[in-house]
Amino acid sequence: MGEHTVLGIYADGKYTELTDEGGYYNTYDIVNNAMFYLDEFSSQSYTGTLMLYKNGRSQKIDADVYSFDARSDDYIVYIKDFSTRRNYGDLYYKKGNGKPVKVDNDVSYIITLY
């Protein structure tokens, strides 16, 4: 197994490669017409740059992201600055065009309730 995975999207008869530095496990989430994904994935720290692909373009959300959960196409929670030695990081959320907001520190997991 390679260190990175190519992640792309095929829509409207056209293929667009989003990253060739994606992680080799579940590093994307699709909600409505949006895809959140990790770019520039590091297999040493298991982190990457959190990106949003929407309306035919990608935009950076934040760097050094370990895990994330998309709540809607414009609302995401994520853990960044994760320590693999201590097994926790800082929890953030970002909604719409707002800036990321730190919620808590020393967080290990994001649990989704349905």
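Residues numbered from 1 in each chain as written. Predicted model: local features only at pLDDT ≥ 70, side-chain atom pairs only at ≥ 80, totals over all residues. Heavy atoms only, no water.

Participant: Account for the environment of N97, with residues named and values stated.
Facilitator: Positionally, N97 belongs in the loop between β8 (88-95) and β9 (101-107). Judged by its relative accessible area of 83%, N97 is exposed. Taking the C-alpha atoms as reference, N97 lies 9.6 Å from Y75; in sequence the two are 22 residues apart. (Helix = DSSP H or I, 4+ residues; strand = E, 2+ residues; numbered from the N terminus. Buried < 20%, exposed > 50% of the residue type's maximum accessible area, 1.4 Å probe, protein only.)

Participant: Describe the sheet that holds strand β6 (residues 57-72), and please don't skip the residues or the numbers.
Facilitator: In space, the seven strands of this open sheet follow the order β3-β4-β5-β6-β7-β8-β9, with antiparallel pairing throughout. Pairing within the sheet leaves two strands with one partner each, and these edge strands are β3 (28-31) and β9. If you compare each strand with its neighbour and ignore which way they point, the axes differ by 40 degrees on average. Relative to β6, strand β5 (residues 47-54) runs antiparallel, the two sharing six bridges. From the neighbouring strand, Y53 faces β6, where its bridge partner is S58. (Pairing = 2+ DSSP bridges. Axes fitted to C-alpha atoms, helices over the stretch in contact; angles between N-to-C directions.)

It is worth stressing that arrangement in space is one thing and function is another; only the former is reported here.
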